[in-house]
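# Geometric and topological summary
Each chain, written out:
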Amino acid sequence: KGRRAAMGSCLDVSEHKQVEAKLERLGSAVEQSIDGIVITELDRTIAYTNSAYSKMHGYEAGELVGMSIISMSAEDGLPGFEKVRNDLEKYGSWSGEIQGKRKDGSLFPTFVSVTLLRGAKGDTTGVLSIVRDITDRKYLENKLIEVDRMKSEFIANTSHELRTPLQSVMGFAKLLLSGRVSDEQKQQEFLKIIEKQSEHLVALIDDLI
């Protein structure tokens, strides 16, 4: 009737708010992860990295965006990308060790898990990689290998050191017991050798204990 009126609409955004909260939690978890997380485009250009990945490679946050993921690994590791690519095409994922490369050029061992990212229609939209610095683990592995080598050498050397005087004692004892040594002077000489080697054997055992 010519009078002014107002019309409004109301939209329930509860679901939208829930999605926002989930995304916020997910983003916080990704940023706080101790593992490096990097998303690359199909052309291997870095689209996103979390703080751990950037720090791991000696870069500031966001500095890696736009760079090639290939530059993050050792030169001699590049042929390995063919294996990664083949496994991704065949299985959709790959995991294994890669020599990472820092900004200053230094290398360090990493364990990487790579997964293809799929869109709503199932098309490949990018690649997600989770990277862990395994420098400490490799150090411990190498230490264990070294300890195992030293243990083997110790056992071999100890076995040799113990056998030598023991064989001497047994040899001269058998010779005396056989009755073939009638010369008393020779018998005394052999007994002194047995005594000396026995003392040496006792000293070796004391050292071991």
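This structure is a prediction, so every number in the text was calculated from the model and none was measured.

### Here we look at the overall build of the protein
Scanning the protein for helices and strands turns up 5 helices and 5 strands. Start at the N end of the protein and walk to the C end: the helices and strands fall as α-β-β-α-α-β-β-β-α-α. On C-alpha atoms alone, the protein measures out to a radius of gyration of 36 Å, which is more than a quarter above the 17 Å that the 2.2 N^0.38 rule sets for 209 residues. Once the C-alpha set of the protein is aligned to its principal axes, its extents read approximately 145 × 35 × 35 Å. The proportion of buried residues among the 209 residues of the protein is 23%.

### Quick word on the pairing of strand E2 (residues 46-49)
Two elements, strand E1 (residues 36-40) and E2, share 3 bridges in a ladder whose sense is antiparallel. Among the inter-strand pairings, Ile39 is bridged to a residue of E2, identified as Tyr48. Connecting E1 to the next strand, E2, in antiparallel fashion are 5 residues, including Arg44 with a positive phi near 75°.

### Concerning a nonpolar patch on the surface
A cluster of nonpolar residues, Val19, Leu23 and Leu26, forms a patch on the protein surface that exposes about 290 Å² of accessible area. Tracing the sequence through the fold places Leu26 in helix H1 (residues 14-32). Relative accessible area serves as the criterion here: at 53%, Leu26 is assigned to the exposed category.

### Things to note about the pattern of salt bridges
Any two side chains of opposite charge can pair if their charged atoms end up close together. Inspection of the entire model under this criterion finds 11 salt bridges. Across the pair Asp35 and Arg132 runs a salt bridge whose closest N-O atoms are separated by 2.6 Å. Of this pair, Asp35 sits in the loop between H1 and E1 while Arg132 sits in strand E5 (residues 124-133), and the two are 97 residues apart along the sequence. The residue Arg137 makes a salt bridge to Glu97 at a minimum N-O spacing of 3.1 Å. Here Glu97 lies in strand E3 (residues 93-101) and Arg137 lies in helix H4 (residues 135-177), a separation of 40 residues in the sequence. Within this structure, Glu97, Arg137, Lys138 and Glu141 form a network of salt bridges that share partners.

### Quick word on helix H5 (residues 184-208)
Structurally, the α-helix is built with 3.6 residues per turn, so residues lying three or four positions apart point the same way. Taking 1.5 Å as the rise per residue, H5 with 25 residues should run 36 Å; its terminal C-alpha atoms sit 36 Å apart, in good agreement. Those residues of H5 that sit buried are Phe190, Ile194, Leu201 and Leu204. Those residues of H5 that are buried lie in contact with H4. Residue Asp183 occupies the N-cap position of H5, its side-chain oxygen lying 3.0 Å from the main-chain nitrogen of Gln185.

### Here we look at the sheet that holds E1
On the basis of which strands lie adjacent, the open sheet formed by 5 strands has the order E2-E1-E5-E4-E3 and antiparallel pairing. The sheet is open, and its two edges are formed by E2 and E3, each paired on a single side. The mean inter-strand angle of the sheet, taken between neighbouring strand axes irrespective of direction, is 25°. Lying on the sheet, H4 is in contact with E3, strand E4 (107-118) and E5; it crosses E4 at an angle near 130°.

### Things to note about the nonpolar core
Counting residues in each nonpolar core, the largest one holds 17 residues, and the members touching the most others are Ile46, Tyr53, Leu64, Ile69, Met72, Leu88 and Val114. Where this core is concerned, the elements lending two or more residues are helix H2 (51-56), helix H3 (80-91), E4 and E5. Residues within four places of Met72 in sequence aside, it is in contact with Ile46, Tyr53, His57, Tyr59, Leu64, Met67, Gln99, Gly100 and Lys101.

### Quick look at the packing of aromatic side chains
Under the counting rule described, the total for this entry stands at 1 aromatic pair. Aromatic pair Phe172 and Phe190: ring centres 4.9 Å apart, planes at 50°, arrangement tilted. Taken together, the positions of Phe172 in helix H4 and Phe190 in helix H5 put the pair 18 residues apart, joining distant regions of the chain. Its relative accessible area of 22% is what places Phe172 among the partly exposed residues.

Rules and cut-offs
- Residues numbered from 1 in each chain as written.
- Predicted model: local features only at pLDDT ≥ 70, side-chain atom pairs only at ≥ 80, totals over all residues.
- Heavy atoms only, no water.
- Helix = DSSP H or I, 4+ residues; strand = E, 2+ residues; numbered from the N terminus.
- Rg over C-alpha atoms; globule rule 2.2 N^0.38 Å.
- Buried < 20%, exposed > 50% of the residue type's maximum accessible area, 1.4 Å probe, protein only.
- Pairing = 2+ DSSP bridges.
- Patch = residues over 30% accessible without salt bridge, like charges linked within 9 Å, V, L, I, M, F, W, Y side chains within 5 Å.
- Areas by Shrake-Rupley, 256 points an atom, 1.4 Å probe, with all protein chains shown as cover.
- Salt bridge = Lys/Arg side-chain N within 4 Å of Asp/Glu carboxyl O.
- Expected span 1.5 Å × (residues − 1).
- Contact = heavy atoms within 4.5 Å.
- Polar contact = N/O pair within 3.5 Å; in protein donor to acceptor, adjacent residues only side chain to side chain.
- Axes fitted to C-alpha atoms, helices over the stretch in contact; angles between N-to-C directions.
- Core = buried A, V, L, I, M, F, W, Y, C linked by side-chain atoms within 4.5 Å.
- Phe/Tyr/Trp six-rings, centres within 6.5 Å; stacked < 30°, edge-to-face > 60°.

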